[in-house]
Each structure stands twice: as structure tokens, then as C-alpha cells.
4 protein chains.
Amino acid sequence: MLVRRAREHADTVMMGRTHSVHAEPITFGVKLAGWAFELDRDRSRIRTAAAELATGKLSGPVGTYSHVDPEIEADVLTSLGLAVDPVSTQIVQRDRHAAFLAAVAVTGGSLERFATEIRNLQHTEIGEVQEPFRSGQKGSSAMPHKRNPILSERLAGMARLLRGYALAALEDQALWHERDISHSSVERVALPDATILLDYMLVKFTGLLEGLTVRAERMRENLERGLGLHASGRVLLALVEEAGLSREQAYAIVQRNALRAADERRPLAQLLAEDGEAAVLSPEALAACFDDGAFLRHVRTIVARLDRLVPPAPDGATAPEPTPHTDWGGDP
Amino acid sequence: MLVRRAREHADTVMMGRTHSVHAEPITFGVKLAGWAFELDRDRSRIRTAAAELATGKLSGPVGTYSHVDPEIEADVLTSLGLAVDPVSTQIVQRDRHAAFLAAVAVTGGSLERFATEIRNLQHTEIGEVQEPFRSGQKGSSAMPHKRNPILSERLAGMARLLRGYALAALEDQALWHERDISHSSVERVALPDATILLDYMLVKFTGLLEGLTVRAERMRENLERGLGLHASGRVLLALVEEAGLSREQAYAIVQRNALRAADERRPLAQLLAEDGEAAVLSPEALAACFDDGAFLRHVRTIVARLDRLVPPAPDGATAPEPTPHTDWGGDP
Amino acid sequence: MLVRRAREHADTVMMGRTHSVHAEPITFGVKLAGWAFELDRDRSRIRTAAAELATGKLSGPVGTYSHVDPEIEADVLTSLGLAVDPVSTQIVQRDRHAAFLAAVAVTGGSLERFATEIRNLQHTEIGEVQEPFRSGQKGSSAMPHKRNPILSERLAGMARLLRGYALAALEDQALWHERDISHSSVERVALPDATILLDYMLVKFTGLLEGLTVRAERMRENLERGLGLHASGRVLLALVEEAGLSREQAYAIVQRNALRAADERRPLAQLLAEDGEAAVLSPEALAACFDDGAFLRHVRTIVARLDRLVPPAPDGATAPEPTPHTDWGGDP
Amino acid sequence: MLVRRAREHADTVMMGRTHSVHAEPITFGVKLAGWAFELDRDRSRIRTAAAELATGKLSGPVGTYSHVDPEIEADVLTSLGLAVDPVSTQIVQRDRHAAFLAAVAVTGGSLERFATEIRNLQHTEIGEVQEPFRSGQKGSSAMPHKRNPILSERLAGMARLLRGYALAALEDQALWHERDISHSSVERVALPDATILLDYMLVKFTGLLEGLTVRAERMRENLERGLGLHASGRVLLALVEEAGLSREQAYAIVQRNALRAADERRPLAQLLAEDGEAAVLSPEALAACFDDGAFLRHVRTIVARLDRLVPPAPDGATAPEPTPHTDWGGDP
């Protein structure tokens, strides 16, 4: 679903931001493509950790096969689809469970990143995306006008719980001797609560992305409100490479006009055109610096890399993607 | 310093936001006043925890005064300004150190909240505050136009480290028998690193607040871009209380016009004036709903509560405030 | 109950241990007295934090009293027994909740310390205490002879969960603007789960202590198996102070004989009596070093400090102590 | 080194313990073999995570290749031995760093498990192992007789710090937009401190294991002090399978005699021989239950599984093992 929406918005231009501040243009599809690859890494980590968890033992109360032969263990576990723990105690060791809940927490952190982005982009002043809002749904009880990114906020909060469960699992490792049972009270809470929570988060995130309103016109508008400041890097380069200024000289010219543009809310291109020292660049060279197409010339290359995750359908339609429920490793 | 800046901006009107979305007007002074009270609570928690830490023992290798009489312990500790631990082992118990580093982590979380707010308000599209930027300072190396809230980001990051140290201290509590030394390797790292880090954060935050550029005109402008939607709650109330509609009817009218206002970017007041069903309210009653003064009539009462923290100077000047270094409890 | 059992065992001599190794004698009452004072500090921290939590607000959607006057807030909150938040946003700030769950986690760490001690003392080879074991109760299903400290292990595990919830609460602090709702999903899980868990732990720990079998004869026996090595510090002191050796000389003599005693399993007193260099101490002076009474002469002074927590009943009976349920701050 | 010592002690019989209480015999080699496999899993997790970290980007300030073509990125990164991030922002995403520090923390938890075991086995009453103690080294300053497991305690403490750093890294994931720099202050501390700490822990643990004194005679002695209670499970089985009693009947007989054995300190075999109800078992069948060889008949099979980690040298000598420094994944 992320892949589909990323392809859909491969060319939806918006401002890229670093440190909350306008940087250079990107497309919304590139942003979503990054999310898709991150979730794919998360899924792969969870699968690896879940496969490790699928290890059993039938080696008796201290792991020595005192009552049952190793062959019987091998037969039984094989028939259950479990690996044999090469050396066990009364139990299989808990480094595996810690690694598993850590992978769950990392996935939670990814969902928190995406949710935080939606919260940021839904700031009233930015307004580039909006969480699904069912027609007829009430917003804030006291403030009827509000459409709040409450799902994203909920996802961000839940990631904190997942980190707490991972922590408890990390502390479970140091059991005493051939086992103590201190891990059990933790696991009865942490394993179901963390996995059910992650499942809920994935389902909610999928619905959120599915129904997300993407406001291409606001993205374009915000870009233009940037006064062309995002092109400052290219102007800097042009002053150095084409006009032969030193980097220090170029930086001073660009910074001076950029700060003025922000303060006076006038387009950078216009201010540079009026700045004598910047006249070492021809009007054409200057205009080229402000061409967004140049910034985005490799965007389709990036989005095409999603084919590694989900091959495009032959007829141009997107192939069906796995749903969150079936694809996160139920059976090992 | 927070108190001084809060008083300075007692009447600097800005939009209050919940869920990243415009809610109702506040003033920047109210926001800062909340920060001042929170830091005051943090300071008080750290002082309480530090006072508890100022407990010593001189009761021998297992806490039984086997070689030294209790009177000698009392004399020595009193002369050092330390309390006597009523029952000790080889050491004083580590619940005190855990509580102390937890109080440090909570303070870090407060600074993270303030820093996150500055990061949010410095979004290009919002632009209501700006971190100090020394004239002559370079911004981004590649993008000369950018003024980034990097200090706030740094503070937000450091709060995570403080939580990590608190966690290690919480795990230090369960020492074995009359002591084991597993806490020592933790404390050699966590105690200096956490306290030095918090000191650094307080110093940086003070400088950040001191030099923070507050853009009252952008605050006003953003408020107006809100199209009066923040008054929707008051309109709702007026429709119910003054015009006698049911809450459901009123909610439907307000929500319908509010969503239209946002979609069409037209002021809510205007849309309501054109909506026949809203005509149950007189034009005067409608206008009163959009009077910001009414929203802010208690703001000075709130800011005046700061007098509990720092009494106002008699001549109107603000009394000097303690600096971060001297006031966070060096000596117990 | 801790206080009662501490008084009961004021004179139950046992070996004190540091680094898992025999150090000097203590009494079991001194150990329990230390636990009582630690739990008392925990209770006091939780009460302080709970009192801070008993703060309310009725100041509207952004904390400005835009719809309700401060007087009404004061009236309502007073009648609910809540303090007024001097500056609120849409909510009261979450530093209070973080501090509260941190105090809960510190208390969990204390219970973990006590539980770990019981687990250690119940090692088959040590055998000084034993968890309550109902007559008729089955032990291990495969190993009928075992009486396992499973309650203590459970308590130790649960402390890990409490740390995880505290962590999530610490991360909840940095809410955006006048509030976002990311803390809510966390608090719905962490607040009930952590407080119910701590209540359960306190109830279980109380029952555990109440029914704990204390084996004074095993304590005495383990002490004697120590071969008098615990007196090595006193011999060292006597060699320096009474016999006038240098500390280095004395240390060498004591260490040499102590290591031999451990290796050959012979009493230290006997080896020292045979060591020519140790003959600078008279037989009486040497014997005095091995008098346990001297180690324990201040033990009653320590246990008597419990009177600060629970005054002794006039007729010698112990006054009733608060039960865990009623005394950990239900109503603020 | 672990593998070598595990093979060396393949037949060093000791008591296996669950819940701190005697269970059934194991060998020290089996215990160490379990550690070797766990560290091998840790190493494999760290290598996987480190390989993921070896990903770079050269895609400009927002990840769009606005100034540099993808081909150049591919060339440069390949020459540096780094993978190309398929979609980057200003940086490579931090799920990789979180997963890496989580793997480091899990490894710390493993070392904590081993260190805790050494601390437990070094209890004066157990005394089965002893940390290396340099001849001439002073022990406790006040108590010259003590040989303390301080290295193991230090390792246990340090694992807590590693969990704290992992936690901070998990929180670093949710960066804003095309990057904010809040992760940087964390990573400057957490990445070097955590990796240096783990390296130190591995070096110390290696030295500790290398020089660990294993007291086979104490192990044997502790086993015998168990009064044969560890055979209770086999007696139970024999009563059911050979003598045809119901499980309930058999359990009652065994538990009754086992508890009496513990209380009276008499061998279980003797008590059973005197118990009329147990006479359904022939003396030979009873004696067979107490044959330790039967418990340990598969021990060599388990230890031989270490050949999967380190093949045995053809001439019977153990092949050289990798040292901790060279083998934990310097270069990917």
C-alpha cells in the first residue's frame, strides 16, 4: 500500500525540509518510498528474530536429556517446525526473546517516524496532508472546526510502550543457573502486549496511509512561499563554478541575499538580480538555478527502486500488496 | 530569565495549537509561564532527591558498627553536612541514586518539551520564533539561506541520553546481600555524564531563550490566516445559549461552515453570516464571538502567578533571577 | 509487618556477605530493618509524587480560561480536593506523571532487591530462608523435592515491567504546543498496569515476608563454616594497634593465613595461633578478635531505630502496622 | 576460549540448579557450551546489524541527487565498501543504528548472564568457581581474606549502561522531515561509549574465563550434600513405569521422603529404602535411580555440538580460536 501510494505521488512536488526549515524540493513519492524501504527492513529484522524464536527444546529439567533422548527431541521439534536448541538449560535462552522485542521496538520507532511526519505536515500553517476524516465524524468536542491527526499521535505514543517492553525483555536475559522463572511474569505481559500493539499499529497505519488526503496544491503553494531560497545552494555552486568566485565570496553574497529575502519576503531570484556582485552570473545562468526540474531530475529513478520490493504489474496496474496481517510472519 | 521573558511577552498574542492544529489564541507569555512553572517543579524534585543523596554512613563493612561506634559516625557526618543513614549495609542504598537520576531525566524531558516547541514554531511556514543566530555565523554549509534550530534539536536529543542513564540507575538498586559492586561501574559513567549533561543543557537553554527572536508580527499573521476558525467553539456556545438551538443542531451548523472555510479559505465569520440557519444569532452576537480580547481576558491573571516564583521588582524592573549554575543545588 | 519481623529477628545472627562472599556477622533483623527504611522512603516518594498528580485544571482548550473564569476552576477543583495548576495548556503537564511512574519504578527496584536477597539466601547450599510453602502444595512437577523461591523470582521480574512503564511515561513529557494526545494511549496502558502491578507486588511481598521461614540454625552453621575468616579485619587491626606492626606487615600475615584457611578448610584462629609472626598478639587478644558479640554490640541500637517508623506497643506487643492496601495513598 | 574451556570441562560434574535450588546433575562443560552458543548468536546479530550500518548515501541535502548523479554515489560508495541506501533523506535512516545498539545491548545481557552465574557460583557456601586472583593482589582493604568476584560484578553493571544507550538509539529514529540533527548529540556519546564498553567487557570476560579457577572437588561435594534429592524425578518415574503406581500415589511417596530428607539431612535413597510403600521398587531398581551416569549419558553429545562453532584440531589439540578483538566485525 505504501508502495502504491509512493508510485502514485512520484511526481507530487513538495518542499523538502531539514531542521524544520525549507531545504530543496522533493516529491511526496520519494518520501513514501523511503518509508516503504524502512518498513521492509523492519519486516526483515522481525522475520529473522521470529525465526530464531522458533527454537525449542525437550532436553529435560536442566538440558542434559536425562529422561529423553536427543533423537526424540529432534523428531518432536521437527514435526512442530521448530529448530533444536544446540545447548539448552531448563529453557531456551532469552537473548532470542530480547532480540525479537527489540526488533518490534525498532519497527515501532519507524512507525513513530512516519506518524510524526504526518503530524508535522498537518500543522495548520503547512497543511500538506490530512488524516482520513469520515464524513459525519465529529472533531474536537469543543472546537468543531478541527481535523486533528489523532491517529498519528496515537501511533507515536504507542512506540514508547514498545520500547518499554523491549527494555523489560533485555533485562530478562540474565537468568540464574539452569533457569529461574523471573522472565515468565514479564513475558506474559510483554510478549502479547507488544505484538498485539504492533499489529494494531500496522493496521491503523495502513488505514491512515490508505485514506490520507494529499494536498498537492498546498505543497506547491508552500514551495512558492519559500521565495526560491531553496535554490541558494545551486546559486552558490554557480557563482563558484561558472563565475569563478571563491567559495567564501560566493557564500557571503548568497547568504546576504537569502537572509534579506526571508526578512523582506521577496523572492531570492529578484534580489540577486538587483545585487551588483551577483551580476557575474548571466540572467540565464541565474534562472537555471531556480529551475525545479533540475532538482527533481532523478526522482523517478528513486521511485523506480520500489520495483525491488513490489514488481510493477505488467499492464501498468499495481500488483496487489500483502496486507499487514498476513505478511508479518505469523508462521515461521 | 524565563520569568522575565514571560512577563515581557504577556500580551504577545499568538495562536494556541492542539494536535498541531489551530485551537484558540493564547499569548507567548502564557506559554513561557507554563515552562517556568514546570522548570520550578523540576528544580524542586532535583533538590529533594539531592537532599536524600546527602546521606552518609560510617558503619563498617556490613553496616553493624563493628569497628566504629555510632557516635563517631554521627559526629563525622554532621561535620560534613550529611545525614546519617538509619540502617546501612556496606553502602547507602541505591534507591536514592535512582530517584535522583530519575529527577534529572524528568528535567531533561521538560527541556525536550520546550526545545520541541521551538523547533515546531520555527517551521518555515510558521516562523514565529527563531533561535539566536550570530551575525557572521554560517548556516548550513550547502544551503546558505537556512537558519536552523540546531540547539533545540541538540537539547531534544540529549534528553534521550538522560533517560538512558536513569534507566541504568534504576537497575542498580537490586544489589546483593550487604553489597555488591555492580553499581559502581554504572555510577562512574552515569552520575557525572548525566549531571554534566543536564548542566550543559540548562546553560544552553538559558542562552537560547535569552537570545530567542520572537516574531510578534508572524504570530499575528498566522492567527489571521486561521480564518476565524478558532472562534467556532464560541459560536457553538452562542447558538446554544443565546439562540436556543440544541447542541447537535449547533454543532452541525458550525462544523459545516468551519470545514467549508478551511476548504475554500474564506473567513468563518463571513460564511456564517451567509448561512440562513445561523441567522438565529444577531450580527452583533456573531461579531462578539470573533473578538480575541474575550479569549484573552484572563491572560494577565495567569502571567501574574509568576510572582510566586520571582517577585516583581518594586520599580517595575524585574529582579535578578538565579543563574542556572548557582541555583540547581551544588551544595546540599 | 517488616518492622515486626525485623524486631523478632533482632538477635538472629547470620553471616553478612559482600560480593557474595562472607564478610562479618550481622543479624537478620538488621537486614530487615534496612528493608523497612527503604520501603518507607519509597512510600514517601510515591506520596509526594501522587500529591503532585492531584492537580487539576478547568481552563479551557488552551489554558487561557477563554470560556470559564479562574474562580470557577478554583471552586470546582477545591471541592474535588485537587490543586489548581498555576499554568496549564489543554492539560496539566506530564512531568508529574513521569515523576510518579518513576517513583513507582524505584519502589519496584526496592522490592526486586529484597526478592533477590531471598532468592540468594534460598540457594540449596545457603538455605537460610525459605518462601512459604503450603502443606500439600506440589513443588516442581518433574522434581518433587524442590521448594522454589518462585514468588521472589516473580517479583524480581515484575520490577522490569515497572521500569518499562516509567520509561514510556518519561517519553510522554514532550507534548507539542498546547497538547497533543500521544500521551493518552501510553497512559491508558502504563498508569493502570503499573499501579495494579505494584499493588500486587506489595501484597505478594507482604505475604511472602509474613510466611517466610527463617532458619536460624542454618545461619549459625553457615557462620561457623566461615572458619572465622570474618574476623580477619579485627586481627589486622589488633596486629597494628595492639602489637604495633605496620599495616603492610599485618596485612601480609592475615592474608596469608586467611587464604590458607580457605584452601585447607581449617579455622583461621588455629592457623594464626601456629604462625610465629602472629605471636606478637597474646592468646587472649587473639581470642577477643573472634568474639562475635563484639561484632554485634550495636545491633540493638540499629533495630531500635525502627521506633521512628512504628512506635513499639507499650506492653511490649508490636502495634498493628498499616496493610499495604490502605497505606500507599489511595485518596490524595 | 569458551569452546576450549567447555571441552576441557565436558566431564566436570556439578549440580544443575533451577530457582537457585538443586535440580539434576550437569557438567560445567555443558554450562560453558551454552554460553559459547549464545555468544555466537550475539556475534551473528551484531554482524548482521553492522553490515546494515555499512550503508552510505551521496544523494544531496534531501536525498534527491539534486547536485550529484546516482552513478557517482554508486562509484564512491562501492569504492568505500558501503552499500547504497535505496532511498535516503539528508542521511541514512536511524532504524539501522537502533538495531545495531540493540544487538550490542543483547550481547551485554548475555555477558551479564554469564557474569551473574560466576557471582552465584562464587558464593562462599557454593564456592565452585573463583575469579582469577593475582598472587600478591590485595583483596578487600578491610577484610584481607576475601576473594571477591568484582570483575563479574563490573560486567553485570556495565550491561545496564548498554541498555541505556540502546534505548537512546531507539528514540533517535523518529527524526523530522528530511532530517533533524537531534540524533547527532546522542550518537556522539552512545555509539563510541557503547562499542568501547562492549569491547572492554569482551576482553575482560575472556581474561576472566581464561583464568577462572574451577573447583571440581567442591562441585562434587555440593552434589553429595544434595542427599540424592536430584534423583527424585527418576524415582517418581520408576514408581509409575516399573512399579505401576498412579502418578498421584508416586508423587506423594517421593515428595514425603524428599521433604523429610531435606529436613533431617539424611540421604533420600536411605529413607526410601525404609519406606514400606516404596518397596514396590526392587533395591536394584531404586539404586539405578541414583546413578549419576544415567543423568549424564548425553553430555558428550551436547559438548560435541561445539564442533559446529570451532572444529576440533585433528591431533586432538583445540584449534586456535579468534580473539575478541579481531572477530567482532571491525570491517563489514
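Owing to the predicted nature of the structure, the values given are computational and were not obtained by experimental measurement. (Residues numbered from 1 in each chain as written. Chains lettered and ligands numbered in written order. Predicted model: local features only at pLDDT ≥ 70, side-chain atom pairs only at ≥ 80, totals over all residues. Heavy atoms only, no water.)

Considerations on the relation of the copies chain B and chain C
One copy of the chain maps onto the second through a rotation around an axis plus a translation along that axis. When chain B is fitted to chain C, the best match, at an RMSD of 0.0 Å, comes from turning it 180° and sliding it 0.0 Å along the axis. In symmetry terms, the pair is related by a two-fold rotation axis. Identified as the residue of chain B closest to the rotation axis by C-alpha distance is Ala102(B), at 3.2 Å. Most of the interface of chain B is mirrored in chain C, where 99% of its interface residues are also at the interface. (Least-squares fit on C-alpha atoms with pLDDT ≥ 70 in both. Contact = heavy atoms within 4.5 Å.)

Section: the domain arrangement of chain A
Under the domain assignment, chain A is made up of domain 1 (2-57 + 92-221) and domain 2 (229-289). Put simply, the middle of domain 1 of chain A and the middle of domain 2 of chain A, counted by C-alpha atoms, are 40 Å apart. (Domains from an automatic or database assignment.)

Here we look at helix H9 (residues 247-264) of chain D
All names here are of chain D. Look at H9: 25 Å from first C-alpha to last across 18 residues, which is about the 26 Å you get at 1.5 Å a residue. Those residues of H9 that fall on the buried side of the exposure criterion are Ala250, Tyr251, Ile253, Val254, Gln255, Asn257, Ala258 and Ala261. Arg265, located one to two residues past H9, shows a positive phi value of around 55°. (Helix = DSSP H or I, 4+ residues; strand = E, 2+ residues; numbered from the N terminus. Expected span 1.5 Å × (residues − 1). Buried < 20%, exposed > 50% of the residue type's maximum accessible area, 1.4 Å probe, protein only.)

Things to note about the relation of the copies chain D and chain C
The transformation that overlays chain D on chain C combines an axial shift of 0.0 Å with a rotation of 180°, and the residual RMSD is 0.1 Å. Comparing interface residues between copies, 100% of those in chain D also lie at the interface in chain C; the contact surface is shared.

Some points on the interface of chain D and chain C
In this complex, chain D contributes 54 residues to the contact, which on the side of chain C involves 54 residues. Around 4600 Å² of area is buried between chain D and chain C when both sides are counted, 50% of it from carbon and sulfur atoms. Summed over the shared surface of chain D and chain C, the result is seven salt bridges. Residue assignment for the side of chain D that touches chain C shows that the elements contributing at least two residues are strand S1 (13-18), strand S2 (21-27), helix H4 (95-121), helix H5 (150-171), helix H7 (216-225), helix H8 (232-241) and H9 of chain D. In terms of residue count, the dominant contributor to the side of chain D that touches chain C is H9(D) (eight residues). Considering only residue class, the side of chain D that touches chain C consists of 18 nonpolar, 19 polar and 17 charged. (Buried area = accessible area lost by both parts, 1.4 Å probe. Salt bridge = Lys/Arg side-chain N within 4 Å of Asp/Glu carboxyl O. Nonpolar A, V, L, I, M, F, W, Y, C, P; charged D, E, K, R; others polar.)

Brief notes about a nonpolar patch on the surface
Residues and elements named next belong to chain A. On the surface, a nonpolar cluster with roughly 320 Å² of combined accessible area is contributed by Leu58, Ile72, Val76 and Leu80. When you line up the elements, Leu80 lands in helix H3 (residues 70-80). The exposure class assigned to Leu80 is exposed, which follows from its relative accessible area of 56%. (Patch = residues over 30% accessible without salt bridge, like charges linked within 9 Å, V, L, I, M, F, W, Y side chains within 5 Å. Areas by Shrake-Rupley, 256 points an atom, 1.4 Å probe, with all protein chains shown as cover.)

Things to note about the interface of chain B and chain C
Facing the 74 residues of chain B at the interface are 74 residues of chain C. When the area that chain B buries against chain C is broken down by residue, the three leading residues are Val87(B), Arg113(B) and His177(B), summing to 11%. For Lys31(B), the salt bridge goes to Glu178(C), with nearest N and O atoms at 2.9 Å. On inspection of chain B and its partner chain C, the count reaches 32 residue pairs in polar contact (both at pLDDT 80 or more). If one sorts the elements of the side of chain B that touches chain C by residue count, helix H4 (residues 95-121) of chain B sits on top with 15 residues. Of the residues assigned to the side of chain B that touches chain C, the class counts are 31 nonpolar, 18 polar and 25 charged. (Polar contact = N/O pair within 3.5 Å; in protein donor to acceptor, adjacent residues only side chain to side chain.)

Some details on the packing of H4(B) against helix H2 (residues 28-53) of chain C
One can describe the packing of H4(B) onto H2(C) by two numbers: an axis separation of 11 Å at closest approach and a directional angle of 20°. In terms of orientation, H4(B) lies roughly parallel with respect to H2(C). For the pair formed by H4(B) and H2(C), the contact residues are Asp95(B), Arg96(B) and Ala99(B) on the first element and Glu38(C), Arg41(C), Asp42(C) and Arg45(C) on the second. For the contact of H4(B) with H2(C), the per-class residue count stands at one nonpolar, no polar and six charged. (Axes fitted to C-alpha atoms, helices over the stretch in contact; angles between N-to-C directions. Parallel < 35°, antiparallel > 145°, perpendicular 65-115°, else oblique.)

Some remarks on the pattern of salt bridges
In the structure shown here, the tally under the stated rule is 119 salt bridges over all chains. Here Asp263(A) and Arg147(B) are joined by a salt bridge, their closest N and O atoms 3.6 Å apart. Here Asp263(A) is found in helix H9 (residues 247-264), whereas its partner Arg147(B) is found in the loop between strand S5 (129-130) and helix H5 (150-171) on a different chain. The exposure class of Arg147(B) is buried, given its relative accessible area of 15%. Note that Arg256(C) is salt-bridged to Asp275(C), the shortest N-O span being 2.8 Å.

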